[in-house]
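Report on the structure
The chain contents come next:
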Amino acid sequence: MVLVVFGIDALDPELVDPEAHPNLVLEAHRSIDTIVSSAGEPSTHELWPTIITGLEPAGHGLTLEDDGVTWENPLIAAGSRVADYLLPDGLQTRIGAWLLTNTDADAFRTPADYYADNGLSTVFDGRESTAIGVPNYVVDPDTEDREHSLRRHMGELFERDPEATGGHTSADPYAFYEQCLEMAMVRTARVRRGLRGGRYELVFGYTSGLDLVGHVTYDLPDLQRRAYDELDEFVGELRADLADGDELLLVSDHGLQDGVHTEEAMVAGTDPELVESIDSVTDVRAAVDAELDSANHSREVERGDFTAGGDDVKQQLEDLGYM
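Since we're looking at a predicted model, the values are computed, not measured. (Residues numbered from 1 in each chain as written. Predicted model: local features only at pLDDT ≥ 70, side-chain atom pairs only at ≥ 80, totals over all residues. Heavy atoms only, no water.)

1. Re the packing of helix α9 (residues 209-216) against helix α10 (residues 221-240)
Axes are the key here: two packed helices are described by the angle between their axes and the distance separating the axes. Relative to each other, α9 and α10 sit at 170°, their axes nearing to 9 Å. With respect to α10, the element α9 is oriented roughly antiparallel. For the pair α9 and α10, contact is made by L210, V213 and G214 and by L223, Q224, A227, Y228 and L231, respectively. Looking at the contact of α9 with α10 residue by residue, the classes come out as six nonpolar, two polar and no charged. (Axes fitted to C-alpha atoms, helices over the stretch in contact; angles between N-to-C directions. Helix = DSSP H or I, 4+ residues; strand = E, 2+ residues; numbered from the N terminus. Parallel < 35°, antiparallel > 145°, perpendicular 65-115°, else oblique. Contact = heavy atoms within 4.5 Å. Nonpolar A, V, L, I, M, F, W, Y, C, P; charged D, E, K, R; others polar.)

So, in structure tokens, the structure goes:
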């Protein structure tokens, strides 16, 4: 048995249609509480560490600076230390936005060893598990997959603009949409590979594609709806890979409407009892632990023909340059 947790950034319970998106609601779904950051809205930077530790941001220490800019990249962090003494807050925010837009600086790249170094436990501890793209839990900081690469080279397709709705603009929302859906497709394929390989009891993946689309389609609602339709198909392919006894849990960190993060996240799962046990983003870690502890999630999983299929998925990703 394998538990698959797929983090879908900004999956919004009000935008999911149970009839149109059966693979985004699964057997049970519900909205859950999230946490608002110092920037005034839920923050990806803070929330995924919360989801994997069960701790609020103050407890795990990965929080936004008061100026609303994530400074965890070494280049930006150095600039922040100087900026604290020399620059007014508004200008600090604009400089941080420029750096993240115009350099190779990448957000959400805190190494996984941060947690052990700071005495923090995570959902991965003591498990045969794999973490695929989880923000601020980077297993190997020297490598990246296609989603990381695309995030770092968005250029004018996704520029930070504090004055714009949602804080971002795009020179071509339709080209950006294609890029974001490619990101989601690749991450879904990597999660499928983790499941089909039969080596893990916990496969925990993440994609930011839906969140990114939402930030620039506030005046193109049909494009955001199309992203939900396509993502439903991607998750349907993942769902079809589940063997008897496997479980799938979808988790979001917040919603996103009109270009702005909303204060409502969601969960959906193939196990209604697992879904029912989660009221907040702070409950996900405990619920996953309880599920893994209560069932025989063996490392050596009999997958039948899935292992060969998994090798095919991996080879296709490698041939396309995605792994």
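2. Some points on the pattern of salt bridges
Applying the stated criterion across every chain, the model contains 10 salt bridges. D279 is the salt-bridge partner of R30, the closest N and O atoms lying 2.9 Å from each other. Of the two residues, R30 sits in strand β2 (residues 28-32) while D279 sits in the loop between α11 (272-276) and α12 (284-294), which places them 249 residues apart along the sequence. Look at D279 and you get partly exposed, because its relative accessible area is 42%. The partner of R225 in a salt bridge is D222, with the nearest N and O atoms 2.0 Å apart. One end of the pair, R225, and the other, D222, are both in helix α10, three residues apart, so they sit about a helical turn from each other. (Salt bridge = Lys/Arg side-chain N within 4 Å of Asp/Glu carboxyl O. Buried < 20%, exposed > 50% of the residue type's maximum accessible area, 1.4 Å probe, protein only.)

3. Some thoughts on the sheet that holds β2
Taken together, six strands build an open sheet; the order of strands is β2-β10-β7-β1-β6-β3 and the sheet is mixed. Two strands close off the open sheet at either side, each with one partner strand: β2 and β3 (129-132). On average, each strand axis in the sheet is tilted by 10° relative to the strand beside it, whichever way the strands run. By the bridge criterion, six bridges tie strand β1 (residues 3-8) to strand β6 (residues 202-207) in an arrangement that is parallel. (Pairing = 2+ DSSP bridges.)

4. Structural notes on helix α2 (residues 44-53)
Taken across its 10 residues, α2 has 10 buried, putting it largely inside the fold. Considered for burial, the residues of α2 that qualify are T44, H45, E46, L47, W48, P49, T50, I51, I52 and T53. Two or three places before H45, at the start of α2, stands the capping residue S43, its side-chain oxygen 3.2 Å from that residue's backbone nitrogen. Two residues or fewer past α2, G54 is found with a positive phi of approximately 80°. (Polar contact = N/O pair within 3.5 Å; in protein donor to acceptor, adjacent residues only side chain to side chain.)

5. Considering the nonpolar core
Counting residues in each nonpolar core, the largest one holds 40 residues, and the members touching the most others are V4, I8, L24, L248 and L250. Mapped by element, the contributors of at least two residues to this core are β1, α1 (22-25), α8 (173-196), α9, α10, β7 (247-251) and β10 (265-269). If near-sequence neighbours (up to four positions away) are discounted, L248 is found in contact with V4, F6, L26, V235, L238, R239, L242, A268, G269 and T270. Core analysis: the next-biggest nonpolar cluster, separate from the first, contains 34 residues, A28, L47, F204 and V288 among them. (Core = buried A, V, L, I, M, F, W, Y, C linked by side-chain atoms within 4.5 Å.)

6. What about α10?
Over its 20 residues, α10 extends 29 Å from the first C-alpha to the last, a length consistent with the 28 Å expected when each residue adds 1.5 Å. Where α10 is buried, its residues touch β1, α1, α8, α9, β7 and β8 (255-257). (Expected span 1.5 Å × (residues − 1).)

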